[in-house]
Amino acid sequence: MNKARTNPFNTAMMHGALILYVLIALFPVFVILINSFKTRKAIFREPLALPDAESFSLIGYQTVMKQGDFFLYFQNSMIVTVVTLFFVLMFGAMAAFALSEYRFKGNMLMGLYLALGIMIPIRIGTVAILELMVATGLVNSLWALILVYTAQGLPLAVFILSEFMRQVSDDLKNAGRIDGLSEYTIFFRLVLPLVRPAMATVAVFNMIPIWNDLWFPLILAPSEETKTLTLGSQVFIGQFVTDWNAVLSALSMAILPVLILYVIFSRQLIRGITSGAVK
Amino acid sequence: MQNRRIRWHIAVFLAPAVLVYTAVMIFPLFNTLRLALYSKVDQERVFVGLTNFRTLFLDPIWSEQFWNALGNNFWFFIIHMLVQNPIGIALAAILSHPRLRFAALYRSAIFIPTILSFVIVGFAWKLILSPIWGIAPSMLDAVGLKSLFAPWLGKEEYALTTLALISVWQFVGIPMMLIYAALLSIPEEILEAGEVDGITGMASFWKIKLPLILPSIGIISILTFVGNFNAFDLIYAAQGALAGPDFSTDILGTFMYRTFFGFQLQLGDPHMGSAIAGAMFAIILVGVCIYLFGIQTRMRRYQL
C-alpha cells in the first residue's frame, strides 16, 4: 500500500473532520432530548447539562399526554404509512412485472408515462387533488392521504422493481409455464419472493417522506381525527409555544419513533442507496 | 395464435398502478394547469384565458410577491448548491477511504437529520437560535464570538440564509450517500494505476475520482433543484404561512399555499393558486430539460 493512503496524520485529520460533522449533525437532537426531561428552571439555567436528580422532570410529557392526542396521531401515521407501502409495493410490482416480462404494443410508452412522475412533484397538482377529494367525499379521511402517497410512490417503485425483475431468470418462469402455472401464479409464487430485497429498498425509500410529510395532511386531512403525527405535533407546538417543557417533550415524542425505525432499518436504507437503486 | 389472443393478464397487472397514478397524479396535474385559466366571477367559474398569469406577473401587488418568492427560491437553491453539495461530496470522499475505521457508524450518524421531519427540524433550530433560550449566544460566547450573535431567524436580511443552512444541515446526508455509492463503484485498478504514475492523495481525488463521479453530481443537482422549488414544509414549520419577517423567507411553496388557502383577511383563491402551481411546473420542467438535454447528454461518461 502506498504511504500517502495510510499516513497517521491524514487518518487523524479524517476522523477529526468526521467527528466534528457528527457533532454538528447530532447536537440539536441531543439538546432537545435532554432538555425535555428537565424542569423549566433547569432548561433555561443550564441548557447543555444532562438532567440530574434535582432537575429531572416529566412535566412536559404530562402536558403532552393530557392535551394532545398523540396516540391517535401516531396510529394515523402508522395506518397511512403501512397501507400506502402495501399498495405501492403491490401495484408497483404488478406493473413492473407487466413492463419487464411481456412484449406488447406501447410497452415503452407505458414505461415512460409511469416514469414521468419521478421528476414532477405531485404537489403541483394540489389544487385539483383537493377538488377531487372534496368531490369524492374523501377529504378529511386517511384514504385521501393513502391515495395521494400511493400515486406519488408508484413511479419510482415501478422503475426500481422493473430493473430488478429483468434479472429474474427466464428459465425459471418458463419452467413454471411448462408445468401449467398461470401468469398470476408465476408472478406471486416465483417472481415476488425473488425481488424481496428490492421491495424492501422501495419500502424504506417511501417510508420516510410519507411519515414526515406536512403538506398533504395539512390540506387534505386536517381534522382532529385524521391528523398525522407530523401535523399533530406541528399544531400542538403552535398552541403551546410558550410552554417550553411541553414543546420539547412533543418534539422528543415525534423524534423517537423515527429514530427507532431508523435504527431498525438503517442497514437496509443505506444498502439500498449505495447499491445504486436510484442511479 | 398466441399473438391474436388478448392477453388479459397484462391489463390486470398494469391496471391498478396506472389507474391510481392517472387519477390521483396525472389528471390533477393537468386539471390544475387548466384551472389556472379560469376565474371565479359571481360564484361561477368562467374561462379567462391567461388573465391569471398576467395578474401574477404584471399586477403590482401580485408580481411583487411572485418575484420576491421566486428570487428567494433561487437564493435557497444557490445556498444548497454551494454549501450542501460540496460538504456532501467532501464527507463522501473521506468516508470512502479504504482504511477508515467506524465508517458505517459515521455514515449512519450523519444521515440522522435527514430522517427527521421538517417540523422537528424547524422547531428544534428555532429554539436553539432563540435569543430567549440562549444556547446559540452562550456557545458563541464560549469561543469569544458573542458579538456575532443576532436573532438570525427574526432579521429580514439573515432569515432566508439561516433557513437555507438549516435545510442544508438536514439534507446533507443525501448527496453524501449518493456520492459515496459512486466513489465505491470506482475500480481499485484505476486508482492503483494512478498511484503508479504518482497521483496520490488529494490529487487522485481531483484528477481521477471527481471526473468519474460527475454524472452523480449532475443527478444530485437536479434532485436539489426539484426539491428546492417544491419546498414548503421547513419554512411553514419555522416561520408560518406568512413566511416572516415581512415575507423575507417567502418561497414559491409558501406563496402558493397562502394564495390557495387564504390567510388572515385575504380569501383563498384556487385559480390564482393554480396559476402559481403552473409557474412552478414550468420552472421545474425547464430545470429538468436543461439537465436532460443540456447537461446529461454532454457529460462524458467513462466505461468502468
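Residues numbered from 1 in each chain as written. Chains lettered and ligands numbered in written order. Predicted model: local features only at pLDDT ≥ 70, side-chain atom pairs only at ≥ 80, totals over all residues. Heavy atoms only, no water.

On to the domain arrangement of chain A, then. Looking at chain A, the domain boundaries give domain 1 (3-63) and domain 2 (69-239). For domain 1 of chain A versus domain 2 of chain A, the separation of C-alpha centres amounts to 36 Å. (Domains from an automatic or database assignment.)

This part is about the nonpolar core. If you look at the biggest cluster of nonpolar residues, it comprises 194 residues, and the most contacted ones within it are Val148, Phe216 and Leu220 of chain A. When we break this core down by domain, the ones giving at least three residues each are domain 1 (3-63) and domain 2 (69-239) of chain A. Ignoring sequence-local partners within four residues, the contact set of Val148 of chain A consists of Ile122, Ile129, Met133, Phe216 and Leu220 of chain A together with Val24 of chain B. (Core = buried A, V, L, I, M, F, W, Y, C linked by side-chain atoms within 4.5 Å. Buried < 20%, exposed > 50% of the residue type's maximum accessible area, 1.4 Å probe, protein only. Contact = heavy atoms within 4.5 Å.)

With that settled, consider the interface of chain B and chain A. In this assembly, 90 residues from chain B lie in contact with 90 residues from chain A. The contact between chain B and chain A buries some 8,500 Å² in all, and 80% of this surface belongs to carbon and sulfur atoms. Of all residues in chain B, the largest losses of buried area upon contact with chain A belong to Phe13, Tyr21 and Trp133 of chain B, amounting jointly to 10% of the total for that side. Linking chain B with chain A are two salt bridges, by the criterion used here. With a closest N to O distance of 2.5 Å, Arg45 of chain B and Glu131 of chain A form a salt bridge. (Buried area = accessible area lost by both parts, 1.4 Å probe. Salt bridge = Lys/Arg side-chain N within 4 Å of Asp/Glu carboxyl O.)

What follows is about the confidence of the model for chain A. Per-residue pLDDT for chain A has a mean of 87; in total, 95% of the residues score no lower than 70. When mean pLDDT is compared element by element in chain A, helix H4 (residues 70-101) of chain A scores highest at 94, while helix H13 (residues 244-274) of chain A scores lowest at 81. (pLDDT = per-residue confidence, 0-100. Helix = DSSP H or I, 4+ residues; strand = E, 2+ residues; numbered from the N terminus.)

Glancing now at the pairing of strand S1 (residues 38-41) of chain B. All names here are of chain B. For S1 and strand S2 (residues 44-47), the ladder comprises four bridges, and the chain directions are antiparallel. Bridge pairing in S2 places Ser39 opposite Val46. The turn joining S1 and S2, which pair antiparallel and follow one another in sequence, is formed by two residues; a positive phi near 50° is taken by Asp42. (Pairing = 2+ DSSP bridges.)

Between two aromatic rings, the relevant description is the distance of the centres plus the angle of the planes. Under the criterion given, the structure shown has 41 aromatic pairs over all chains. Relative to Tyr102 of chain A, the ring of Phe97 of chain A has its centre 5.6 Å away and its plane inclined at 85°; by these criteria the two rings are edge-to-face. This pair shows no difference in class: Phe97 of chain A is buried, exactly as Tyr102 of chain A is. Judged by centre distance (5.4 Å) and plane angle (80°), the rings of Tyr38 of chain B and Phe47 of chain B are edge-to-face. Note on Phe47 of chain B: relative accessible area 57%, which makes it exposed. Members of the aromatic cluster, each reached through a chain of ring pairs, are Phe97, Tyr102, Tyr184, Phe187 and Phe188 of chain A together with Phe13 of chain B. (Phe/Tyr/Trp six-rings, centres within 6.5 Å; stacked < 30°, edge-to-face > 60°.)

The subject of this paragraph is empty space enclosed by the protein. A full pass over the atoms with the stated rule returns five cavities of 30 Å³ or more. Taken as a whole, the largest cavity encloses approximately 120 Å³ of empty space. Looking at the largest cavity, the residues that line it are Val204, Met207, Ile208, Trp211, Asn212, Val258, Leu261, Tyr262, Phe265, Ser266 and Leu269 of chain A together with Ile115 of chain B. Listed by contribution, the elements that provide at least two residues to the lining of the largest cavity are helix H10 (196-212) and H13 of chain A. Each residue belonging to the lining of the largest cavity can be placed in one class, and the counts come to ten nonpolar, two polar and no charged. (1 Å grid on protein atoms, 1.4 Å probe; cavity = no way out; pocket = protein on both sides within 12 Å on 5 of 7 lines; lining within 4 Å. Points joined across faces, edges and corners; volume = space filled by probe spheres on them. Nonpolar A, V, L, I, M, F, W, Y, C, P; charged D, E, K, R; others polar.)

On to unusual backbone geometry, then. Residue Asp246 of chain B is not a glycine yet carries a positive backbone phi of 50°. Of note, Asp246 of chain B is situated in the loop between helix H11 (233-239) and helix H12 (252-261).

So, on to the packing of helix H9 (residues 183-194) of chain A against helix H1 (residues 8-35) of chain B. Between H9 of chain A and H1 of chain B, the least distance of the axes is 10 Å, while the angle of their chain directions is 45°. With respect to their mutual orientation, H9 of chain A and H1 of chain B come out oblique. Taken together, the residues of H1 of chain B that come into contact with H9 of chain A (itself represented by Glu183, Tyr184 and Phe187 of chain A) are Trp8, His9, Val12 and Phe13 of chain B. Looking at the contact of H9 of chain A with H1 of chain B, its residues break down into five nonpolar, one polar and one charged. (Axes fitted to C-alpha atoms, helices over the stretch in contact; angles between N-to-C directions. Parallel < 35°, antiparallel > 145°, perpendicular 65-115°, else oblique.)

Take the pattern of salt bridges next. Residue and element names in this part refer to chain A. Going through the model one piece at a time under the given rule, you end up with ten salt bridges over all chains. Of the charged contacts in the structure, one is a salt bridge between Glu101 and Arg177, with a shortest N-O distance of 2.8 Å. Placement of Glu101 in helix H4 and of Arg177 in helix H8 (residues 170-178) is noted, with a sequence separation of 76 residues between them. A residue is classified by how much of its surface remains accessible, and Glu101, at 18% relative accessible area, is buried. A salt bridge links Asp170 to Lys173, with the nearest nitrogen and oxygen atoms 3.5 Å apart. Taken together, the residues Asp170 and Lys173, both in helix H8 and three residues apart, mark about one turn of the helix. Accessibility expressed as a relative area gives 48% for Asp170, which makes it partly exposed. Taken together, the shared-partner salt bridges in this structure form one network comprising Glu101, Asp170, Lys173, Arg177 and Glu183.

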